[in-house]
Amino acid sequence: MADKQRRASELAADHTAEAIAARLEDGGVRHPYLRDAILGAIDGCVTTFAVVAGVVGADLPVSAIVVLGMANLLADGFSMAASDFQGIRAERQVYERERWIEESHVVQIPEGEREEVRQIFARKGLAGDDLDQVVRIMTADRQRWVETMLDLEKGLLLHGPSPWRAALTTFVAFAVAGLAPLLIFLYDLVAPGQVASAFMWSALLTGVTFFAIGATKSLVVNQPWYLAGLETLAVGGTAAVIAFAVGLGLKQVGIAG
């Protein structure tokens, strides 16, 4: 009961006039970039451990594991960040193009655009004087008119994330999580012979990282933390098994040759 009352009090405090005004400032949209961080971390950990598993399966030295793993961190991390940047930038370019089109339509065929606004709100259940008043208000200001069309007709976000921040978040998360499978091998390279079963320790650390990433993912998806953790662990484990099998197979082919 106390916890329910506390949540109700927090909800009420979040919906005061001052709190709402602060939340709606700058368009009312906040982009915590948690999605970019989670996706980058999952991909970084999966791909780096896949490299480690493949190299171990091929029975290559520790130095090869470190070199190929670090190359994966930099190259794949940059590639994923660049893809994130280009994707978000393309979305904003589409938005700007559609905005230009709508603005020209409002100037050239205002009655047609006004009729589009009317039909959009009519589909939402408005009619009669209420509908006429909404159409009149929404089309009285050109910026509001255009943004209404972009939002309700085109389905475009008026305020999107920053391509630069999204790309940086993706790269940092990729590099940090992707470093986990390599840590034990980096230590083994610095202090040779001090680590027994380095691959098993790497697998254990990677599994913990996979689960932690998945559990964190539950913050942005409607899924229990333990199920999200196990799901990510299963995805990463599958990638690792495939990579290890490929490396082992290539090793056998080399021996046979």
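Preceding block: the structure.
Let me sum up the structure you'll find in this document.

So, how was this worked out
Residues numbered from 1 in each chain as written. Predicted model: local features only at pLDDT ≥ 70, side-chain atom pairs only at ≥ 80, totals over all residues. Heavy atoms only, no water. Helix = DSSP H or I, 4+ residues; strand = E, 2+ residues; numbered from the N terminus. Buried < 20%, exposed > 50% of the residue type's maximum accessible area, 1.4 Å probe, protein only. Contact = heavy atoms within 4.5 Å. Areas by Shrake-Rupley, 256 points an atom, 1.4 Å probe, with all protein chains shown as cover. Polar contact = N/O pair within 3.5 Å; in protein donor to acceptor, adjacent residues only side chain to side chain. Core = buried A, V, L, I, M, F, W, Y, C linked by side-chain atoms within 4.5 Å. Expected span 1.5 Å × (residues − 1). Salt bridge = Lys/Arg side-chain N within 4 Å of Asp/Glu carboxyl O. Phe/Tyr/Trp six-rings, centres within 6.5 Å; stacked < 30°, edge-to-face > 60°.

This part takes up the overall build of the chain. Regarding its fold elements, the chain presents 11 helices and 0 strands. Ordered by position from N to C terminus, the α and β elements of the chain give α-α-α-α-α-α-α-α-α-α-α. Taken over 257 residues, the chain has a buried fraction of 33%. Pairs at least 24 apart in sequence give 71% of the contacts found in the chain among residues at least 6 apart. Accessible area of the chain: about 15,400 Å², with a carbon and sulfur share of 64%.

This part takes up the environment of T238. Within the fold, T238 resides in helix α11 (residues 225–256). For the pair formed by T238 and A50, sequence separation is 188 residues and the distance between their alpha carbons is 9.2 Å. A distance of 2.8 Å separates a polar atom in the side chain of T238 from the backbone oxygen of A234.

V52, I65 and F185 are the most contacted members of the largest nonpolar core, which totals 17 residues. Elements with a contribution of two residues or more to this core: α3 (34–57), α4 (62–108), α9 (183–190) and α11. Here this core gets 5 residues from one element, more than from any other, and that element is α3. Setting aside residues no more than four positions away along its own chain, F185 makes contact with V52, V56, V62, I65, V66, A198, F199 and S202. Residues V117, F121, W145 and M149 belong to the second largest nonpolar core, which totals 13 residues.

Helix length check: α3 (24 residues) gives 34 Å between terminal C-alpha atoms against 34 Å at 1.5 Å per residue, within 8%. Directly beyond the C-terminal end of α3, a positive phi value near 60° is found at D59.

Along the chain, T48 falls in helix α3. Residue classification places T48 among the buried residues on the basis of a relative accessible area of 0%. A polar atom in the side chain of T48 sits 2.8 Å from the backbone oxygen of G44.

Turning our attention to the environment of S83. Along the chain, the position of S83 falls in helix α4. Along the chain, S83 and T170 lie 87 residues apart, while their C-alpha atoms are 9.9 Å from each other. Within the local environment of S83, its side chain forms a polar contact with the backbone oxygen of S79, the two atoms lying 2.9 Å apart.

Oppositely charged side chains can pair when the atoms bearing their charge come close. Under the defined criterion, the tally for this structure stands at 7 salt bridges. Measuring nitrogen to oxygen at the nearest pair gives 3.4 Å for the salt bridge that ties E103 to R99. Here E103 pairs with R99, and both are found in helix α4, just 4 residues apart, close to one helical turn. With its nearest N and O atoms 2.8 Å apart, the salt bridge here joins D132 to R118. In this pair, D132 is assigned in helix α6 (residues 128–138) and R118 in helix α5 (residues 110–122), connecting sequence segments 14 residues apart. The class for R118 is partly exposed, based on a relative accessible area of 28%. Each of R97, E98, E102 and K154 takes part in one network of salt bridges that share partners.

Counted at 1.5 Å a residue, the expected span for helix α10 (residues 198–217) with its 20 residues is 28 Å, and the 28 Å between its end C-alpha atoms agrees. If you check which residues of α10 are buried, you get A198, S202, T206, G207, T209, F210, I213, G214, A215 and K217.

Attention shifts here to the packing of aromatic side chains. For the coordinates displayed, the defined rule picks out 4 aromatic pairs. Ring geometry for F85 against W164: centres 4.7 Å apart, planes inclined by 55°, an arrangement best described as tilted. Note that F85 is positioned in helix α4 and W164 in helix α8 (residues 163–179), a separation of 79 residues in sequence. Residue classification places W164 among the exposed positions, given a relative accessible area of 65%. Aromatic side chains W225 and Y226 sit 5.8 Å apart centroid to centroid with 85° between the ring planes, which places their arrangement in the edge-to-face category. For Y226, a relative accessible area of 42% gives the class partly exposed.

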